[in-house]
Amino acid sequence: MSESALLDMRHLDTRGVRQPITSASHAPGAIYSSEEILAQEKKNIFMKEWLCVARVEEVEKPGDYYATRIIGEPVLIARNQKGEINAFANVCLHRGVEIASGCGNTETFTCPYHAWAYDLDGKLASAAFMRESKDFDPKTSSLKKIHSGVWAGWIFLNFSANPTPLAEALSEFASDVDLLKMENLRLGSKITLDLPTNWKFVVENLMDVYHVRTLHYNSFGKHRGPPENYPFHLRKNGGTCTRYEARPMTPGGETLFGKMPALANEPDNFAMSAHLAPNMQVIARIDNVHPLVMWPVTATTSRTYVYNLYPKEWFDLPNFAERIDVYDKYMRLVLAEDTTMMNSLQNGITSANYEPGRFSTLEKGIHHVLNDYFRRLDQSA
Ligand code: FES
Ligand SMILES: [Fe+2]
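Residues numbered from 1 in each chain as written. Chains lettered and ligands numbered in written order. Predicted model: local features only at pLDDT ≥ 70, side-chain atom pairs only at ≥ 80, totals over all residues. Heavy atoms only, no water.

**Some details on the domain arrangement of the protein chain**
A common measure of how large an interface is: the accessible area buried when the components associate.
Okay, step 1: Domain assignment breaks the protein chain into domain 1 (5–47 + 172–377) and domain 2 (51–168).
Okay, step 2: The gap between the C-alpha centroids of domain 1 and domain 2 is 30 Å.
Okay, step 3: Each side of the interface is counted separately: domain 1 has 23 residues, and domain 2 has 21 residues.
Okay, step 4: In total, domain 1 and domain 2 occlude about 1800 Å² of area from one another, counting both sides; carbon and sulfur atoms represent 65% of this.
Okay, step 5: Counting across the domain 1 and domain 2 interface gives three salt bridges.
Okay, step 6: Connecting domain 1 to domain 2 are nine residue pairs in polar contact (both at pLDDT 80 or more).
Okay, step 7: At four residues, strand β11 (residues 185–195) tops the list of elements feeding residues into the side of domain 1 that touches domain 2.
Okay, step 8: Residues belonging to the side of domain 1 that touches domain 2 are distributed by class as follows: 18 nonpolar, one polar and four charged. (Domains from an automatic or database assignment. Contact = heavy atoms within 4.5 Å. Buried area = accessible area lost by both parts, 1.4 Å probe. Salt bridge = Lys/Arg side-chain N within 4 Å of Asp/Glu carboxyl O. Polar contact = N/O pair within 3.5 Å; in protein donor to acceptor, adjacent residues only side chain to side chain. Helix = DSSP H or I, 4+ residues; strand = E, 2+ residues; numbered from the N terminus. Nonpolar A, V, L, I, M, F, W, Y, C, P; charged D, E, K, R; others polar.)

Written out as structure tokens, the structure reads:
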């Protein structure tokens, strides 16, 4: 990484992280608490990368829409009458109000402020009391489009003007997780967690195999193999991938469904996780896949979505809802254990007595992801 003026200006000493892992130290606390760093993350990372924002089944039918905010940017995803999915800036062409919120099904988006109306392709269909406004033609006006694409049942978007094609950007990650056949899965439930912690602590925690048999010993830690048995593969684009042994995510570690068809030839204790920079972690067991996507809200708060995916054909099984509820409750329990630690981390890194400590080689994934993060954060273009 080059010594950027911006990073120097903020007295960010990243040299410790940039050492080989056996000599490395953790990152300075400022990257987890500074609003200036968050602004730089937005500009250099989130406004440039392909970002995973939804499952296709969240906008399944023509007219379905989903409105959200990503790092403060209002976004509207809508499926038109032809079945195409588009993403728009959810910013009214009149004064900038969000024209839709939440999710639903519609033929027309009517801005709640002065009722300008837009069709599912983002075209302005009507704008009352605007006839006398000179050189204003609603027919030539449209919501700003945001680049979007679909891969394996996921909707990605990219805020930059000329993004790398989605398939090219995802190629390493896609080959790592191809065996899961996520395009054949469906969203069973989506858990939203608003956390009082920087988004990167959540990213790091999910690949922190070092803590599992300590913090989670009484939950899923007892079903896990030793932490040194995690062969982390480090990818060029900042991703990681590891296959390991772990039981399904239920209180007894037993599956309530059996093996997913795509994993029929894998052992019962199949487990894998893969990271896609900057903010997605796909975690799989023999009987479900539960990707998590982490979003900054402020420098010290974040939102995580947990997407619990199951094979489409299981949705008609008896007691499907009750069964997946067992997985959801267990997931919440494990994440609550993590949240306690992340809250303490968030406080600890602002302590006058905090100095970044040394890495264990078990933290290989975190070390790789942080080094890639600094490379992205430091882009001056
Ligand atoms: S801000 Fe949307 S119609 Fe006025
Ligand atoms: Fe954990």
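**Remarks on the nonpolar core**
Okay, step 1: Within the largest apolar cluster, 101 residues are counted, with the highest numbers of intra-cluster contacts made by Trp151, Trp154, Phe156, Leu180 and Met182.
Okay, step 2: Broken down by element, this core gets its largest block of residues, eight residues, from helix α7 (residues 320–348).
Okay, step 3: Aside from chain neighbours lying at most four places away, what touches Met182 is Arg55, Trp151, Ala152, Trp154, Val177, Val282, Val289, Pro291 and Leu309. (Core = buried A, V, L, I, M, F, W, Y, C linked by side-chain atoms within 4.5 Å. Buried < 20%, exposed > 50% of the residue type's maximum accessible area, 1.4 Å probe, protein only.)

**Concerning the packing of helix α2 (residues 35–46) against helix α8 (residues 364–377)**
Okay, step 1: In the contact formed by α2 and α8, the axes pass within 9 Å of each other and the chain directions differ by 80°. Taken together, α2 and α8 sit at an angle that is classed as roughly perpendicular. Facing α2, whose interface residues are Ile37, Gln40, Glu41, Asn44 and Ile45, α8 presents Tyr373, Arg376 and Leu377.
Okay, step 2: Grouping the amino acids of the contact of α2 with α8 by side-chain chemistry returns four nonpolar, two polar and two charged. (Axes fitted to C-alpha atoms, helices over the stretch in contact; angles between N-to-C directions. Parallel < 35°, antiparallel > 145°, perpendicular 65-115°, else oblique.)

**With respect to the environment of Leu124**
Okay, step 1: The topology assignment puts Leu124 in strand β8 (residues 124–126).
Okay, step 2: When near neighbours in sequence (up to four residues on either side) are disregarded, Leu124 contacts Trp116, Ala117, Tyr118, Phe136, Pro138, Ser141 and Ser142.

**A closer look at the layout of surface pockets**
Okay, step 1: Each pocket or cavity is described by its volume, and for the largest pocket that value is around 530 Å³.
Okay, step 2: As for the largest pocket, its lining consists of 20 residues, and the residues nearest its centre are His26, Glu204, Asp208, Leu345 and Glu363.
Okay, step 3: Among the elements of the structure, α5 (199–206), α6 (212–215) and α7 are those that each provide at least two residues to the lining of the largest pocket.
Okay, step 4: No other element matches the five residues that α7 contributes to the lining of the largest pocket.
Okay, step 5: For the lining of the largest pocket, the per-class residue count stands at 11 nonpolar, six polar and three charged. (1 Å grid on protein atoms, 1.4 Å probe; cavity = no way out; pocket = protein on both sides within 12 Å on 5 of 7 lines; lining within 4 Å. Points joined across faces, edges and corners; volume = space filled by probe spheres on them.)

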